[in-house]
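The chain contents come next:
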Amino acid sequence: MSEKPTIEVYKKNIEDENFQAYKCVSCGRIIAPPSGTCYGCGGTKMEWAKVSGKGNLVAFTVIHIAPDEFQEETPYYVAIVELEEGTRVSARLLGVDPEKPEKVKLDIPLKLDYEKGKSGHTYLAFRPA
Amino acid sequence: MPLKNTNVVSAYQTKFGRLDGITLREIFAEAVDGATNNAGIPKKDIQAVFVGTFIPEMLVHQGHTAPLLVDYAGLRGVPATRHEAACASGATALRSAVMAIESGIYDTVLVASAEKMTSVTTNKATEALAAAADDEFESSMGLTFPGVFGIAAVAHMAKYGTTEEDMARAAVKAHKNASTNPLAQFQKEITLEKAMTPRYIAWPLKLFDCSPISDGGAALVLTSNEKAKQYTDLPVKIIGTGQASASMNLCDRNDLTAFEASIAASREAYKMAKLGPKDMDVAVVHDCFTIAEIIASEDIGLFKPGEGAKALRDGVTALDGDMPVNPMGGLKAVGHPVGATGVKQAVVIYRELIGDAGANQVANHDTGIMHNFGGTGATAVVTIFRRSDV
Ligand SMILES: [Zn+2]
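Predicted model only: the values in this text are computed from it and were never measured.

Calculation rules
For every chain, the first residue of its written sequence is number 1, and the numbers climb from 1 along that sequence. Each chain gets a letter, beginning with A, and each ligand a number, beginning with 1, in the order they are written. Where local features are concerned, this predicted model is filtered to residues with pLDDT of at least 70; where side-chain atom pairs are given and counted, the filter is 80 or more; whole-chain, interface and lining totals use all residues. The side-chain quantities take in all heavy atoms of the structure and omit both hydrogens and water. As used throughout, domain bounds are those supplied by an automatic or database domain assignment. Between two residues, a contact is recorded if the distance between any of their heavy atoms is within 4.5 Å. Here the buried area means the combined drop in accessible surface, using a 1.4 Å probe, for two parts upon being joined, counting both sides. By definition here, a salt bridge exists when the distance from a side-chain nitrogen of Lys or Arg to a carboxyl oxygen of Asp or Glu is within 4 Å. Pairs of N or O atoms within 3.5 Å make up the polar contacts considered here, provided that, within protein, one atom can donate a hydrogen while the other can accept it, and that residues adjacent in sequence are counted only when both atoms are side-chain atoms. Metal coordination here is assigned from N, O and S atoms located within 2.8 Å of the ion, or within 3.2 Å for Na, K and Ca; omission of water means that sites may look incomplete. The geometry test gives tetrahedral to four donors whose angles all lie between 85 and 135 degrees, gives square planar to four donors and octahedral to six donors whose opposite members are over 155 degrees apart with all other angles between 65 and 115, and gives irregular to the rest. The numbering of helices and of strands both runs from the N terminus, where a helix is a DSSP run of H or I of at least 4 residues and a strand a run of E of at least 2. Accessible area is worked out with a 1.4 Å probe on protein chains only. A residue is then buried under 20% of its type maximum, exposed over 50%, and partly exposed in between. Patches were defined on residues exceeding 30% relative accessible area and lacking a salt bridge, with like-charge contacts within 9 Å and nonpolar side-chain contacts (Val, Leu, Ile, Met, Phe, Trp, Tyr) within 5 Å. Each accessible area value is a Shrake-Rupley result obtained with a 1.4 Å probe; residue values ignore everything except the protein chains displayed when judging cover. The positive count covers Lys and Arg only, the negative count covers Asp and Glu only, and His and the chain ends enter neither. Every charge is mapped to an atom, namely NZ of Lys, CZ of Arg, CG of Asp or CD of Glu. Between N-to-C directions, angles cover 0 to 180 degrees, with each direction set by a line fitted to C-alpha atoms, over the stretch in contact for helices. An angle counts as roughly parallel when it lies under 35 degrees, as roughly antiparallel when it exceeds 145, as roughly perpendicular when it falls between 65 and 115, and as oblique in every other case. Under the scheme applied here, ten amino acids are nonpolar (Ala, Val, Leu, Ile, Met, Phe, Trp, Tyr, Cys and Pro), four are charged (Asp, Glu, Lys and Arg), and all others, including Gly, are polar. Less than a right angle of anticlockwise turn of the near helix away from the far helix marks a crossing as left-handed, whereas a clockwise turn marks it as right-handed. Pairing between two strands is assigned when DSSP locates at least 2 bridges connecting them. Centre distance within 6.5 Å is the pairing criterion for rings of Phe, Tyr and Trp, where only the six-membered ring of Trp is used; planes under 30 degrees apart are then read as stacked, over 60 as edge-to-face, and the remainder as tilted.

**Examining the domain arrangement of chain B**
Residue and element names in this part refer to chain B. Domain boundaries in chain B define domain 1 (7-121 + 213-235) and domain 2 (134-211 + 237-334 + 355-387). On a C-alpha basis, the centres of domain 1 and domain 2 stand 24 Å from each other. Each side of the interface is counted separately: domain 1 has 24 residues, and domain 2 has 24 residues. The junction of domain 1 with domain 2 conceals about 1800 Å² of combined surface from both sides, 57% of it contributed by carbon and sulfur atoms. Summed over the shared surface of domain 1 and domain 2, the result is 0 salt bridges. Our count for the contact surface shared by domain 1 and domain 2 stands at 11 residue pairs in polar contact (both at pLDDT 80 or more).

Structure below.
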């Protein structure tokens with residue numbers, strides 16, 4: 001946990017279903033996806049931070065036409081999720097019907113999950129809490 | 001202070017669409033000839049070229065395009081640099097050209113652009129376009145460009161009550177304006193019903209909410225006050241320019257109902273021009289998707305946040321409305337050869353301001369604003385033009 005966070009490890013943590021955010025050593029701000037510089041104080045020293053996995057739904061779309069790599073997975077949700085810790089991430093949204101997006105309400109509570117894609121990758125995902 | 005020394009003295013757009021059998025350099029050369037020789041401006045007067053093109057590396061397997069393109073277009077030896085900012089490549093090339101003239105380094109320069117997108121499959125072109133978003137954190141989980149604007153649409157709908165029908169109206173208007181523009185990719189009007197056809201690309205965006213994949217080019221000649229009257233009696237001045245960046249990732253933005261780089265760039269341009277939105281007679285905005293036109297019309301201050309859709313519904317932004325937006329049909333119906341779009345937008349403003357827009361002429365045409373943004377809105381450039389006799 002003490003090593004300097006890198007993008008490679010950030011992505012591997014998601015593959016391993018062990019999502020961790022960056023945390024600014026100077027001011028404690030939680031940052032994900034990674035940034036080289038803290039959006040709050042401009043600090044450049046980061047460490048890993050566990051997150052509660054609680055968030056809420058800011059906005060979303062349902063992808064119907066995708067590049068080849070993802071086409072088999074369509075239709076699928078991609079959402080903007082605000083974590084309890086204040087940062088926002090892009091993630092897949094699970095547990096809701098992609099054919100009925102008009103039923104999905106914004107601002108609902110979500111919890112962290114993961115999705116094993118047909119593409120072979122594991123995506124950061126959330127589902128209604 | 002408003003810029004004083006930059007004059008647009010010629011402008012040319014090639015046909016946009018699927019230009020079978022014509023390569024990138026041939027498209028570029030047609031645009032250059034149109035803005036130089038065929039406009040009475042000898043190529044030997046061009047002192048530098050600012051080239052706009054997005055991603056020929058992936059589309060036609062060609063890098064280092066600026067010298068290659070200007071050589072083919074008969075400008076061998078002239079300094080040429082390519083400007084890349086995804087869909088805003090054209091406007092960043094234009095802005096650099098403006099700065100070059102205002103600095104006094106050059107008198108007469110060419111801004112020229114082209115993109116060849118149909119030589120690869122649609123999937124390959126989509127992949128190339130996706131390179132304008134953050135590959136590590138958004139594209140890699142399957143977020144596409146229509147998806148980015150689908151998210152913006154959902155946020156705008158939730159906050160302001162904008163509807164799918166409102167967005168469809170932007171498509172209907174674009175096709176109507178393009179129906180009398182012979183350079184447009186689509187010259188057929190569509191009904192609201194057709195625009196609402198539920199072929200979802202990225203919900204809530206449907207097929208008719210999206211701009212097409214296109215080939216095309218455009219070029220402009222800019223020159224100093226001293227030289228301008230040699231070329232035309234009616235130059236158009238560039239009096240304000242602004243540019244800003246935003247995060248690539250949508251998730252790193254606080255407000256998804258607006259594009260902060262567009263707001264910042266327009267403020268800078270208005271401040272420089274010492275004008276405000278009320279002084280604009282015509283606007284050309286970056287409508288890569290229908291929702292993008294609605295949001296851009298708010299971001300550059302033509303309408304209050306949340307009122308862009310109402311303006312569209314009420315016909316305010318129609319060709320004969322009080323604040324015409326995209327009078328020749330926008331990216332949506334004219335086409336979107338990515339790197340050429342920002343230069344083509346300037347061609348439209350130039351033609352409107354000098355009264356050369358034919359069936360697409362707007363009634364008042366002293367001053368115009370152009371908004372061009374790149375990718376997810378991470379680069380935005382706003383330029384303000386005014387006819388020199390105003
Ligand atoms: Zn900090």
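Back to the text.
**Some remarks on the coordination of the zinc ion**
Residue and element names in this part refer to chain A. Taken together, Cys24 (SG), Cys27 (SG), Cys38 (SG) and Cys41 (SG) make up the full set of protein donors to the zinc ion, lying 2.3 to 2.4 Å away. Geometry at the zinc ion is tetrahedral, judged from its 4 donor atoms and the angles of 100 to 116° they form at the metal. Here the donor residues of the zinc ion are spaced in sequence according to C-x2-C-x10-C-x2-C. Of this pair, Cys27 sits in the loop between strand 1 (21-24) and strand 2 (30-31) while Cys41 is found in the loop between strand 2 and strand 3 (46-49), placing the two residues 14 residues apart along the sequence. Using a relative accessible area of 42% as the deciding quantity, one classes Cys27 as partly exposed. Residue classification places Cys41 among the partly exposed positions, given a relative accessible area of 41%.

**Regarding a negative patch on the surface**
A cluster of acidic residues, Asp68 and Glu69 of chain A together with Glu127 and Asp135 of chain B, forms a negative patch at the surface. Structurally, the position occupied by Glu127 of chain B is in helix 5 (residues 122-130).

**Focus: the packing of helix 4 (residues 89-102) of chain B against helix 14 (residues 338-354) of chain B**
Residues and elements named next belong to chain B. Relative orientation of the contacting elements helix 4 and helix 14 amounts to 60°, with a least axis distance of 5 Å. It follows that helix 4 is oblique to helix 14 by the angle criterion. Each of Ser89, Gly90, Ala91 and Leu94 in helix 4 lies in contact with helix 14, whose residues at this interface are Gly339, Gly342, Val343 and Ala346. Of the residues contributing to the contact of helix 4 with helix 14, the split by class is 4 nonpolar, 4 polar and no charged.

**Points about the domain arrangement of chain A**
All names here are of chain A. If you check the domain split of chain A, you get domain 1 (7-49) and domain 2 (54-128). Relative to domain 2, the C-alpha centre of domain 1 lies at a distance of 21 Å. Listed per partner, the contact involves 9 residues of domain 1 and 13 residues of domain 2. Note on domain 1 versus domain 2: buried area summed over both sides is about 900 Å², and carbon and sulfur give 59% of it. A per-residue breakdown of the area domain 1 buries against domain 2 is headed by Glu15, Glu17 and Phe19, which together make up 53% of the total. The interface formed by domain 1 and domain 2 holds 5 residue pairs in polar contact (both at pLDDT 80 or more) in total. Sorting the residues of the side of domain 1 that touches domain 2 by element identifies helix 1 (7-15) and strand 2 as the ones contributing at least two each. Of the residues contributing to the side of domain 1 that touches domain 2, the split by class is 6 nonpolar, 1 polar and 2 charged.

**Thoughts on the packing of helix 1 (residues 24-35) of chain B against helix 3 (residues 65-72) of chain B**
When two helices pack together, their arrangement is given by the angle between the helix axes and by the axis-to-axis distance. Residue and element names in this part refer to chain B. Where helix 1 meets helix 3, the closest approach of the two axes is 8 Å, and the angle between their N-to-C directions is 60°. Taken as axis vectors, helix 1 and helix 3 run oblique relative to one another. Seen along the crossing, helix 1 lies across helix 3 with a hand that is right-handed. Along the contact surface, helix 1 presents Leu24, Arg25, Glu26, Phe28 and Ala29, while helix 3 presents Thr65, Leu68, Leu69, Val70 and Tyr72.

**Some remarks on the interface of chain B and chain A**
In this complex, chain B contributes 27 residues to the contact, which on the side of chain A involves 31 residues. For the pair chain B and chain A, the summed buried area comes to about 2400 Å², and 67% of that belongs to carbon and sulfur atoms. The largest contributions to the chain B side of the interface with chain A come from Phe137, Met141 and Trp203 of chain B, which together make up 29% of the buried area. Across the chain B-chain A interface, the total number found is 1 salt bridge. For Lys11 of chain A, the salt bridge goes to Glu136 of chain B, with nearest N and O atoms at 2.9 Å. For the pair chain B and chain A, the number of links is 12 residue pairs in polar contact (both at pLDDT 80 or more). The set of elements that each furnish at least two residues to the side of chain B that touches chain A consists of helix 6 (145-160) and strand 5 (200-203) of chain B.

**Some details on the pattern of salt bridges**
Counted under the stated rule, the structure contains 21 salt bridges over all chains. Residue Glu73 of chain A pairs with Arg92 of chain A through a salt bridge whose shortest N-O separation is 2.8 Å. One end of the pair, Glu73 of chain A, is in the loop between helix 2 (68-71) and strand 5 (76-83); the other, Arg92 of chain A, is in strand 6 (residues 88-93), with 19 residues separating them in the sequence. Note on accessibility: Glu73 of chain A and Arg92 of chain A belong to one class, buried. The residue Glu57 of chain B makes a salt bridge to Arg82 of chain B at a minimum N-O spacing of 2.8 Å. Within this pair, whereas Glu57 of chain B is found in helix 2 (residues 56-59), its partner Arg82 of chain B is found in strand 3 (residues 80-83), the two being separated by 25 residues in sequence. Sharing partners across several salt bridges, the network here consists of Glu73, Arg92 and Glu115 of chain A.

**Side note on the sheet that holds strand 3 of chain A**
Strand-to-strand pairing in sheets goes through backbone hydrogen bonds, with the strands running parallel or antiparallel. Spatially, 3 strands are ordered 2-1-3 (chain A) in an open sheet, and the strand pairing comes out antiparallel. Edge positions in the sheet fall to strand 2 and strand 3 of chain A, since each of these pairs with one other strand and no more.

**Some details on the packing of aromatic side chains**
By the definition in use, this model includes 11 aromatic pairs over all chains. Ring centres of Tyr10 of chain A and Tyr22 of chain A lie 6.3 Å apart, and the angle between their planes is 80°; on these two criteria the pair is classed as edge-to-face. Here Tyr10 of chain A, found in helix 1, pairs with Tyr22 of chain A, found in strand 1; they are 12 residues apart in sequence, far enough to count as distant. One exposure class covers both Tyr10 of chain A and Tyr22 of chain A, and it is buried. Ring centres of Tyr10 of chain A and Phe137 of chain B lie 5.7 Å apart, and the angle between their planes is 85°; this geometry places the pair in the edge-to-face category.

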